[in-house]
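Structural overview for review
Spelled out from the first residue to the last, the chains are:
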Amino acid sequence: MTHQLASNYEHSFAANIRNVYCIGRNYKLHALELGNEVPTKPMVFMKPSHSVVPIAERTSLALPLHQGAVHHEIEIVLYIGREVTAETTVDEAIEAIALGLDFTLRDVQDTLKAKGHPWLPAKGVPNSGPITNALAFEGAEQVSRTPFALLRNGEVVQQGTAADMIFDLQQLIQFVASNYGLRKGDVIFTGTPAGVGAVQAGDILELQWNSETVGSCVIEAAQ
Ligand code: ZN
């Protein structure tokens, strides 16, 4: 587990997270698979910090499967370690990274989209933002070269690298900082590559960074 940090560092973020920013449609193929246009500027939404829970090894995760399709979206998550100004570089801003899942109630979201309503009921339910242990951040260049993947019951369903992002890490932190503010304790879910799909009770999801499993969870139906 060469990417893992010391155990007293792991998970310390989850309890201290402030704002949870998420980027929608940041990978071209994912935008197209849902029939969306490719955006010309970052599309930002938020999840409640209460949606973020740590996952380690086969952590049970209860999700409201009775509300229609619940889709997995694997994403690189940035932990911001300082106040970001116009001069801050991405390498200065990021304290650590992790992999996370931006679980989405897709049927609920489709209804909300049709009505022009906010996405909170589709994106903000408890356990909808699980994150792995923090991984050492070795610079944006290194992140952009490192493949990540999601396996569902042993089969790769999503894979990508940050190099495939429409807006890169520097653009994302500058956009969020200048429009909404970005400080220590904030996190950014940076968008998901193509291959999103519904989960079922009993599914085992494995999150891999550079072909190494850094977290896994087992899906349960919430009451
Ligand atoms: Zn997402």
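In this text the structure is predicted, and so the values were computed from the model without any measurement. (Residues numbered from 1 in each chain as written. Predicted model: local features only at pLDDT ≥ 70, side-chain atom pairs only at ≥ 80, totals over all residues. Heavy atoms only, no water.)

1. Notes on empty space enclosed by the protein
Across all of its chains, the model carries one cavity of 30 Å³ or more by this definition. Within this model, the largest cavity holds a volume of roughly 120 Å³. Lining the largest cavity are 17 residues, with Gly24, Arg25, His30, Glu73 and Lys123 sitting closest to its centre. Broken down by secondary-structure element, the contributors of at least two residues to the lining of the largest cavity are β1 (20-24) and α4 (106-115). (1 Å grid on protein atoms, 1.4 Å probe; cavity = no way out; pocket = protein on both sides within 12 Å on 5 of 7 lines; lining within 4 Å. Points joined across faces, edges and corners; volume = space filled by probe spheres on them. Helix = DSSP H or I, 4+ residues; strand = E, 2+ residues; numbered from the N terminus.)

2. Topic: the pattern of salt bridges
Summed over all chains, the structure comprises eight salt bridges. The residue glutamate 73 makes a salt bridge to lysine 123 at a minimum N-O spacing of 3.4 Å. Taken together, the residues span a long stretch of sequence, with glutamate 73 in the loop between β4 (70-72) and β5 (74-80) and lysine 123 in helix α5 (residues 120-123) at a distance of 50 residues. What emerges from the salt-bridge pattern is a single network uniting Lys47, Glu73, Asp102, Arg106 and Lys123. (Salt bridge = Lys/Arg side-chain N within 4 Å of Asp/Glu carboxyl O.)

3. What about the side chain of asparagine 127?
Among the secondary structure elements, asparagine 127 is positioned in the loop between α5 and α6 (140-145). Separated by 2.9 Å, the side chain of asparagine 127 and the backbone oxygen of alanine 62 make a polar contact. Apart from residues no more than four positions distant in its own chain, asparagine 127 is found in contact with His50, Ser51, Val53, Leu61, Ala62, Leu63 and Phe103. (Polar contact = N/O pair within 3.5 Å; in protein donor to acceptor, adjacent residues only side chain to side chain. Contact = heavy atoms within 4.5 Å.)

4. Remarks on the pairing of β1
Within a regular strand, the side chains alternate between the two sheet faces. Counting buried positions over the five residues of β1 gives five, a clear majority of the element. Neither face of β1 is open: one carries Val20, Cys22 and Gly24, the other Tyr21 and Ile23, and all of them are buried. Alignment of β1 against strand β2 (residues 43-47), held across five bridges, turns out to be antiparallel. Along β2, the bridge assignment pairs glycine 24 with methionine 43. By the bridge criterion, three bridges tie β1 to strand β10 (residues 187-189) in an arrangement that is parallel. (Buried < 20%, exposed > 50% of the residue type's maximum accessible area, 1.4 Å probe, protein only. Pairing = 2+ DSSP bridges.)

5. Side note on a nonpolar patch on the surface
A cluster of nonpolar side chains, contributed by Leu29, Leu32 and Val38, occupies part of the molecular surface with about 270 Å² of accessible area. Along the chain, valine 38 turns up in the loop between α2 (28-33) and β2. For valine 38, a relative accessible area of 32% corresponds to the partly exposed category. (Patch = residues over 30% accessible without salt bridge, like charges linked within 9 Å, V, L, I, M, F, W, Y side chains within 5 Å. Areas by Shrake-Rupley, 256 points an atom, 1.4 Å probe, with all protein chains shown as cover.)

6. Topic: the packing of aromatic side chains
Two measures describe an aromatic ring pair: the distance that separates the ring centres and the angle between the ring planes. Considering all chains together, one arrives at three aromatic pairs under this definition. A ring pair is formed by phenylalanine 148 and tryptophan 209, whose centres lie 6.5 Å apart and whose planes are at 25°; its orientation type is stacked. Of this pair, phenylalanine 148 sits in strand β8 (residues 148-152) while tryptophan 209 sits in strand β12 (residues 204-209), placing them 61 residues apart in sequence. (Phe/Tyr/Trp six-rings, centres within 6.5 Å; stacked < 30°, edge-to-face > 60°.)

7. Some details on the sheet that holds strand β6 (residues 94-101)
One open sheet holds the five strands; their spatial order is β2-β1-β10-β5-β6, and the pairing between them is mixed. Each having just a single partner strand, β2 and β6 make up the two edges of the open sheet. Shown here is a sheet whose adjacent strand axes are inclined to one another by a mean of 25°, direction ignored. Packed onto the sheet, helix α7 (residues 169-180) meets β1, β2, β5, β6 and β10 and runs at close to 125° relative to β1. (Axes fitted to C-alpha atoms, helices over the stretch in contact; angles between N-to-C directions.)

8. Some remarks on the sheet that holds strand β3 (residues 59-63)
Ordered by their spatial adjacency, five strands build an open sheet running β3-β13-β12-β8-β9, and the pairing between neighbours is mixed. Only two strands of the sheet have a single partner each, and these edge strands are β3 and β9 (155-160). Within the sheet, the average angular offset between the axes of one strand and its neighbour, ignoring direction, is 25°. Where β3 lies against strand β13 (residues 212-221), five bridges are found, and the strand directions are parallel. Counterpart to leucine 63 in the pairing with β13 is alanine 221.

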